[in-house]
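# Examination of the molecular architecture
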Amino acid sequence: MTHDALRRGRVSLPGQVYAITTVTDGRCPCFHDFGLARVVVAEMRRMHDEGWVDSMAWVLMPDHLHWLFQLQELRPLGEVVKAFKARSALAVNRRLGRQGAVWQKAFHDRAIRREEDLASIARYIVANPLRAQLVPRVSDYPHWDAVWL
């Protein structure tokens, strides 16, 4: 799907809950590296702490990220994701001593309807390592969190 096709119909509403997915550049499995993964996790937490989003659940897979959050008043959705990608890419590149893309330009988003069960969506997100057969139990995977679990 093209970058423009992903943006078509995107609406950014403060207070809205979104599930976003973003993929590493070239689907590089760079987050198999524990240190690089923790750098990205720190940037997600910083976005939460600075009030850009209210993080509900996330899982950082080797080559992509699933993140469930409530958008706060500070910035629109596209700007939040762009800032996260820029910040995390700078941190990853600094750690690697290089420059270059870490994330693909586009991202997929889904606005969650009020009647949907957020805890179910969170469980689905954090179960990604199980479905990918990376670990036998979610608790064995180090790069996830959820407010319900």
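The notes below deal with the structure included here. Bear in mind that the values here come from a model prediction, so they are computed numbers and not experimental data.

Conventions adopted
- Residues numbered from 1 in each chain as written.
- Predicted model: local features only at pLDDT ≥ 70, side-chain atom pairs only at ≥ 80, totals over all residues.
- Heavy atoms only, no water.
- Helix = DSSP H or I, 4+ residues; strand = E, 2+ residues; numbered from the N terminus.
- Rg over C-alpha atoms; globule rule 2.2 N^0.38 Å.
- Buried < 20%, exposed > 50% of the residue type's maximum accessible area, 1.4 Å probe, protein only.
- Phe/Tyr/Trp six-rings, centres within 6.5 Å; stacked < 30°, edge-to-face > 60°.
- Lys NZ or Arg CZ within 6 Å of the ring centre and 35° of its normal.
- Contact = heavy atoms within 4.5 Å.
- Pairing = 2+ DSSP bridges.

### Some remarks on the overall build of the protein chain
- When you go through the protein chain residue by residue, the secondary structure sums to five helices and five strands.
- Radius of gyration (C-alpha) of the protein chain: 15 Å, near the 15 Å computed for a compact globule of 149 residues.
- Summarising its shape, the C-alpha atoms of the protein chain cover approximately 40 × 35 × 30 Å along the three principal directions.
- Looking at the protein chain as a whole, 47% of its 149 residues qualify as buried.

### Topic: the packing of aromatic side chains
- Under the counting rule described, the total for this entry stands at four aromatic pairs.
- Aromatic side chains Trp67 and Phe69 sit 4.9 Å apart centroid to centroid with 70° between the ring planes, which places their arrangement in the edge-to-face category. There is no split in this pair, since Trp67 and Phe69 are both buried.
- Clustering of aromatic rings is evident, with ring pairs tying together Phe31, Trp67, Phe69, Phe84 and Trp103.
- The ring centre of Trp52 lies 5.0 Å from the NZ or CZ of Arg75, which sits over that ring.
- Between the NZ or CZ atom of Arg131 and the centre of the ring of Tyr124, over which it lies, the distance is 3.8 Å.

### Focus: the side chain of Asp63
- Structurally, Asp63 can be placed in the loop between strand 2 (53-60) and strand 3 (64-71).
- Aside from chain neighbours lying at most four places away, what touches Asp63 is Val23, Thr24, Arg27, Cys28 and Pro29.

### Overview of the pairing of strand 3
- Counted residue by residue, strand 3 has seven buried out of eight residues, so it is predominantly covered.
- Pairing of strand 1 (residues 17-23) with strand 3 involves seven bridges; the strand directions are antiparallel. When the sheet's bridge partners are listed, Ile20 is paired in strand 3 with Trp67.
- In terms of strand pairing, strand 2 meets strand 3 through seven bridges, oriented antiparallel.

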